[in-house]
Amino acid sequence: MMTIKNQRWSKYYLYILILIFLGGLLRFFMLSNQSLWYDEGLTLTNSDVSTLQESISRVRNIGNSDRFQPLYFIVMFGWRQLFGESEFALRSLSTILGIGSNVVIFFTALRIYGKKHALWSLVILTFSCFCINYSQEARIYSFAMFITSLQLYFFSKVLVKNQAHQGTSKLLFSIFTALGIFSNITMWLFTTALCISHIAIYRNFKQWLQWWLPAAFLSLPSVIYHLTLPGATDPETIPINRLGLPIIQNILFVLNGLLVGTTYGPSMEQLRGDDRVQVMLRYWPHLLLLLIVGTVILLALVRVLLIHKKKSREQHPDYFFTSVFIIAFLLGLLLAVVAKTNWVPRHSYYLWLPLALLIPSALSQIPITSKRYGVSQLAQIAVIFLIVMNIYSLFNYYFNEDYQRDDYRSAVHYLIKNRSSSTQSVFLFGNPRLFEYYGDSLTLDGRDLGDRLKEGILNENFAEEIEKLTNNKHTVLLAINRDYQFPQGLVEREMSRLYNLDSQVDFAYFKIYRFVKKKN
């Protein structure tokens, strides 16, 4: 009997190792295929220092909202010292931590729910387009998710009865809670949801104090750090993407991104125009399928919670993670409304962890030999469809150029190739660090002109400003990253006073105009 049991465990962990390997393969696959995009250029800028002391000083004085996530840039500085700054090197930190998050969440689910549930959680995480996307990006999200997963793992001892030796777990939970809040200010949303859910679901005040007083004490320096940053008490002074869409669209976008990634339906570029409703309607089969799958899983989870209620198991972990998800979701929504910022999936990374632990619970009441196809059986089909939909999203992410991010690499190569003694290039919007990164130090920074053009506050004719900036060059190449920020036809119209439009090329999120000076 013992031999059979050992064989089953060996087979089980073989499956786990295969899934971890596959998850790593998907995260490293084509890691350097796409160019670094605008936000990854900010990571370069924020970690462009020579010493640790300079790094600590730099992060406090960052001009945008990145100032509220300092630990990542300090770690990235050290990572660059060890591994360089190639696209692969910069992104591999996120990749490794993304794999680590999968492993940690698996062991969290194994401790709380058992083998079958943990296996399903790992399968969902392995193929999650949302997780893979941010595991391939030199930004904070995979880093923050890894710290959050560790916070949740050490806290999970609360959710399991008769767990001894909790002292070490309490200490490590407190440490990673403090590190998480120092890493990213939005971590307080998830931490607050954990804190409220703990007392609301388990109603053990003494235990609650034992876990949360040390965490609060160790987190106090991080909280003070964030509160004393410039703009902390006045979010409207921080340069961020302001709320430009109805909040309901932000909510739907967050849920869509968490479940199937942002490459499942229409691309972000397609949704920039005024015809976004028509664009969405063209993808109605995709969206209808997502709605059906999400609804079935939701109904199955509600059914499971009701079953727990009938059995007087109100303190079941499913209730806890449901509470964490709902509270964290509402806090994220509140922050978006108060700060007047667009709420996007990457800002909601902390919501994916309770979801990854909850979704397999929709399958927990399936009788293996049952021939009845009720909600639970449909939920099993729905979860399988969810995984397939994520694989479809991954195919788009890897191979469909419609979903490509800002292509600085191609844009810069074009500018270098088309430069001559009579030609000068200028960018009206973009990340100057990325122009330098891809080998272009000669394109002029015209962002001030671009900003004034958009706002209509130029002191003189825009074409004359360009003529002066380029020292009266015969040919001007105007490069614009995120050209949707400029009214359509504005650049051509303003330049037409002194220049003729010779040609135009487009790359992902880039438009480059070639203007030739008119003959007198």
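Just so you know, these numbers come straight off a predicted model, no measurement behind them.

## Describing the overall build of the protein chain
So, point 1. Helices and strands together make up the secondary structure of the protein chain, namely 22 helices and five strands.
So, point 2. In terms of C-alpha radius of gyration, the protein chain reaches 25 Å, essentially the compact-globule figure of 24 Å for 520 residues.
So, point 3. Along the first, second and third principal axes, the C-alpha set of the protein chain runs to 95 × 55 × 45 Å.
So, point 4. In the protein chain, the proportion of contacts linking residues at least 24 apart, taken out of those at least 6 apart, comes to 75%.
So, point 5. Here the protein chain displays about 24,300 Å² of accessible surface, and carbon together with sulfur accounts for 62% of that area.

## Structural notes on the packing of helix H2 (residues 38-46) against helix H4 (residues 70-83)
So, point 1. Here H2 crosses H4 at 75 degrees, and the two axes come no closer than 9 Å. On the basis of their axis angle, the class for H2 and H4 is roughly perpendicular. Note on element contacts: H4 touches H2 through Tyr-72, Phe-73, Met-76 and Arg-80, opposite Thr-43, Leu-44 and Asn-46.
So, point 2. Of the residues in the contact of H2 with H4, the class split is four nonpolar, two polar and one charged.

## Things to note about the packing of aromatic side chains
So, point 1. In this structure the tally under the stated criterion is 40 aromatic pairs.
So, point 2. On the numbers, 6.4 Å between centres and 35 degrees between planes, the contact of Tyr-12 with Phe-106 is tilted. Placement of the pair is Tyr-12 in helix H1 (residues 2-28) and Phe-106 in helix H5 (residues 87-112), with a sequence separation of 94 residues.
So, point 3. The exposure class of Phe-106 is buried, given its relative accessible area of 1%.
So, point 4. Each ring, one from Tyr-408 and one from Phe-435, has its centre 5.6 Å from the other, and the planes form 85 degrees; the classification is edge-to-face. Of this pair, Tyr-408 sits in helix H18 (residues 408-417) while Phe-435 sits in helix H19 (residues 432-437); the two residues are 27 residues apart in sequence, bridging distant segments of the chain.
So, point 5. Among the aromatic side chains, those forming a connected cluster through ring pairs are Tyr-113, Phe-155, Phe-173, Tyr-202, Trp-211, Trp-212, Phe-320 and Phe-321.
So, point 6. Seen from the ring of Tyr-153, Arg-111 lies directly overhead, with NZ or CZ sitting 4.3 Å from the centre.

## Quick notes on H5
So, point 1. Between its terminal C-alpha atoms H5 stretches 38 Å, which fits the 38 Å expected from 26 residues at 1.5 Å a residue.
So, point 2. By the criterion of burial, H5 is predominantly enclosed, with 21 of the 26 residues buried.
So, point 3. Once H5 ends, the next one or two residues include Gly-114, with phi positive near 115 degrees.

Rules used in this analysis
- Residues numbered from 1 in each chain as written.
- Predicted model: local features only at pLDDT ≥ 70, side-chain atom pairs only at ≥ 80, totals over all residues.
- Heavy atoms only, no water.
- Helix = DSSP H or I, 4+ residues; strand = E, 2+ residues; numbered from the N terminus.
- Rg over C-alpha atoms; globule rule 2.2 N^0.38 Å.
- Contact = heavy atoms within 4.5 Å.
- Areas by Shrake-Rupley, 256 points an atom, 1.4 Å probe, with all protein chains shown as cover.
- Axes fitted to C-alpha atoms, helices over the stretch in contact; angles between N-to-C directions.
- Parallel < 35°, antiparallel > 145°, perpendicular 65-115°, else oblique.
- Nonpolar A, V, L, I, M, F, W, Y, C, P; charged D, E, K, R; others polar.
- Phe/Tyr/Trp six-rings, centres within 6.5 Å; stacked < 30°, edge-to-face > 60°.
- Buried < 20%, exposed > 50% of the residue type's maximum accessible area, 1.4 Å probe, protein only.
- Lys NZ or Arg CZ within 6 Å of the ring centre and 35° of its normal.
- Expected span 1.5 Å × (residues − 1).

As far as function goes, none of this settles anything; it's purely spatial.
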